[in-house]
Amino acid sequence: SNCSENCSYGALMVQKMRKEPQGWIRSVRSQKEVLFLHVNDGSSLESLQVVADSSFVSRELAFGSSVEVQGQLVKSLSKRQNVELKAEKIEVVGNCDAKAFPFKYKERHPLEYLRQYPHLRCRTNVLGSILRVRSEATAAIHSFFKDRGFVHIHTPVITSNDCEGAGELFQVKPSSKIKVSEENFFNVPVFLTVSGQLHLEVMSGAFTQVFTFGPTFRAENSQSRRHLAEFYMVEAEISFLESLQDLMQVMEGLFKTTTMTVLSNCPEDVELCHKFIAPGQKDRLEQLSNWGADLHTEHEKYLVRHCGDVPVFVINYPLALKPFYMRDNEDSPQHTVAAVDLLVPGVGELFGGSLREERYHFLEQRLARSGLTEAYQWYLDLRRFGSVPHGGFGMGFERYLQCILGIDNIKDVIPLPRFTHSCLL
Ligand code: 4AD
Ligand code: MG
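Residues numbered from 1 in each chain as written. Chains lettered and ligands numbered in written order. Predicted model: local features only at pLDDT ≥ 70, side-chain atom pairs only at ≥ 80, totals over all residues.

1. Comments concerning the site of ligand 1
We apply this condition: Any residue whose backbone-placed C-beta atom lies within 6 Å of a molecule or strand is treated as near that molecule or strand. The helix count covers DSSP runs of H or I at least four residues long, the strand count covers runs of E at least two residues long, and both are numbered beginning at the N terminus. Note on residue categories: nonpolar means Ala, Val, Leu, Ile, Met, Phe, Trp, Tyr, Cys or Pro, charged means Asp, Glu, Lys or Arg, and polar means any other residue, Gly included.
Lining the immediate environment of ligand 1, one finds 22 residues, of which S195, Q197, G352, G394 and G396 sit closest. Sorting the residues of the shell around ligand 1 by element identifies β11 (230-239), β16 (348-355), β17 (390-396) and α10 (397-405) as the ones contributing at least two each. If you tally residues by element for the shell around ligand 1, the top one is β16, at five residues. Along the lines of polarity and charge, the residues of the shell around ligand 1 split into seven nonpolar, eight polar and seven charged.

Structure below.
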């Protein structure tokens with residue numbers, strides 16, 4: 001190849017450790033004896049332009065077919081790309097039945113339409129961009145924590161606790177083919193985790209600063225545009241942390257650093273997503289709820305708009321609304337806990353966090369009131385043996401992507417969404 005070092009655009013696939021450029025045809029165009037193909041392998045938004053003479057024209061070289069091309073990589077005369085491939089040989093690896101293929105050349109299909117084809121939509125430009133941003137953001141989040149000395153923990157997916165106490169659990173049972181009876185496999189009822197927090201608290205009691213980033217599950221009977229049954233959560237837990245301010249700094253740092261990295265590493269993908277932002281989706285609410293009632297989606301949206309469409313921290317929620325583990329602000333007249341949510345434009349709640357109740361007797365009472373004392377002896381132990389003030393948070397990863405990409409529906413920012421009445425493939 002005579003491609004110079006800096007000709008990255010469209011030539012990404014050539015630089016990879018493969019013999020020949022391979023990919024899927026994104027466009028076919030014939031112009032005066034010359035055939036132009038755009039071939040994309042998903043490594044970037046940019047396709048490689050393949051130029052061939054008209055002897056190559058065939059029905060098989062169609063939108064959607066997979067091909068392998070041999071030829072010379074040359075500087076392109078067009079301003080739209082730095083390089084192009086002058087084809088000497090084009091092999092169709094698998095042809096594509098254009099009539100049956102749900103996507104048509106040159107059409108911009110709405111995201112709702114693409115959602116019907118979870119197994120094929122990743123081949124479109126927009127899903128390609130979203131999922132590359134997702135990959136980039138994942139790496140950026142891991143770097144953020146690594147750079148600050150956090151230890152990454154694999155928290156279990158199967159658990160016997162309901163961390164949030166909301167009862168939105170999927171129960172796990174062995175299939176009826178397994179000889180051990182349902183009840184006897186683990187001896188206790190077990191569930192898919194709703195949050196790794198309690199396990200992270202175990203680990204922050206040894207490693208000081210820990211994080212986990214994995215799938216979490218909630219049996220929320222919701223078709224909303226911000227709930228999934230299976231979603232990814234970024235969770236951090238920090239020992240020797242005494243104030244919500246310190247916790248909010250980490251939350252803010254995570255949001256800003258990850259976003260800056262994504263914007264600088266994949267600007268083209270982010271820009272393409274922004275073209276899909278749905279206008280006029282937002283509804284207004286006239287008044288905020290009374291004290292004591294929880295915030296619902298509409299209240300959260302209102303708060304964010306009221307504050308000028310910027311992210312907003314909401315702190316010190318009523319104790320009665322929150323799980324047993326949140327630290328009692330015992331001097332507060334309205335009896336609150338040291339909780340913090342971060343609400344963001346277009347999405348609402350993005351982060352949920354709190355200081356944890358590290359005082360044995362306070363925790364013991366809270367557990368007793370919820371009838372959890374027996375099941376949480378191990379959790380009380382953490383307060384008996386070298387307890388420290390600590391706190392942490394969880395950030396919904398799909399909601400984060402929705403927020404930075406302006407994608408209205410959460411089902412469009414995860415490769416294969418699972419939600420009520422839908423677990424295709
Ligand atoms: O506010 P949540 O329920 O907090 C916890 O689970 C804490 N134990 C986390 C912690 O402190 N370690 O959930 C955290 C975030 C929410 O703010 C939201 O962004 C996201 O998880 N989330 C969901 N995202 C998609 N689909 C769902 N069904 C979600 N439920 C929560
Ligand atoms: Mg929450």
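Read on for the rest.
2. Here we look at the packing of helix α3 (residues 125-147) against helix α6 (residues 267-274)
Counted only if it meets this: Fitted lines through C-alpha atoms serve as axes, helices being fitted only where they are in contact, and the angles separating the N-to-C directions of these axes extend from 0 to 180 degrees. Comment on the angle field: the value is read as roughly parallel under 35 degrees, roughly antiparallel over 145, roughly perpendicular from 65 to 115, and oblique elsewhere. If you view the pair so one helix is near and one far, a crossing is left-handed when the near helix is turned anticlockwise from the far one by less than a right angle, and right-handed when it is turned clockwise. Distance between backbone-placed C-beta atoms decides contact: two residues are in contact if it is within 7 Å.
As a packed pair, α3 and α6 sit with axes 9 Å apart at the nearest point and diverge in direction by 125°. Classified by the interaxial angle, the pair formed by α3 and α6 is oblique. Judged by the sense of rotation from one axis to the other, the crossing of α3 with α6 is left-handed. Contact residues: α3 offers N125, V126, S129, I130, R132 and V133, while α6 offers D269, V270, L272 and C273. Grouping the constituent residues of the contact of α3 with α6 by class yields six nonpolar, two polar and two charged.

3. With respect to the nonpolar core
Using the following cut-off: The term nonpolar core means buried Ala, Val, Leu, Ile, Met, Phe, Trp, Tyr and Cys residues held together as one set by C-beta atoms within 7 Å. Counting other C-beta atoms within 10 Å of a residue's own tells you its class, since 20 or more makes it buried, 12 or fewer makes it exposed, and anything in between is partly exposed; those C-beta atoms are placed from the backbone.
Ranked by internal contacts, the top residues of the largest apolar core, which has 70 residues, are I130, V133, M251, L350, M395, L401 and L405. With eight residues, α3 is the single largest residue contributor to this core. Beyond its immediate chain neighbours, meaning those up to four positions away, M251 contacts L342, F351, G353 and F393. L35, L37, V39 and A52 belong to the second-largest nonpolar core, a separate cluster that totals 12 residues.

4. Here we look at the sheet that holds β16
The line we're drawing: Pairs of strands are assigned from DSSP output, requiring at least two bridges between the strands.
Ordered by their spatial adjacency, seven strands build an open sheet running β6-β10-β11-β17-β16-β15-β12, and the pairing between neighbours is mixed. Here the strands that pair on one side only, and so sit at the sheet edges, are β6 (151-152) and β12 (312-315).

5. Notes on the environment of G396
Tracing the backbone through its elements, the reader meets G396 in strand β17. Given 23 C-beta atoms within 10 Å, G396 falls into the buried group. Each C-alpha atom, one on G396 and one on F213, is 9.8 Å from the other, the two residues being 183 residues apart in sequence. Once you skip the residues sitting within four places of it in the chain, G396 turns out to touch F231, M233 and L350.

6. Comments concerning the domain arrangement of the chain
Applied cut-off: The start and end points of each domain follow an automatic or database-based domain assignment.
Assigned domains within the chain: domain 1 (12-106) and domain 2 (121-412). Summarising the inter-unit geometry, the C-alpha centres of domain 1 and domain 2 are found 43 Å apart. Listed as interface residues are four residues of domain 1 and, on the opposing side, eight residues of domain 2. A breakdown of the residues in the side of domain 1 that touches domain 2 according to their chemical character gives three nonpolar, one polar and no charged.

7. Looking at α6
Inclusion rule: Arc, as used here, means the arc of the directions from the helix axis to the C-beta atoms.
Among the residues of α6, D269, V270 and C273 are the ones counted as buried. When α6 is viewed along its axis, its buried side chains cluster within an angular range of 100° and face the same direction. Facing away from the buried side of α6, by more than 90 degrees, are the exposed residues P267 and E271. Packed against the buried residues of α6 are α3, α5 (244-265) and α10.

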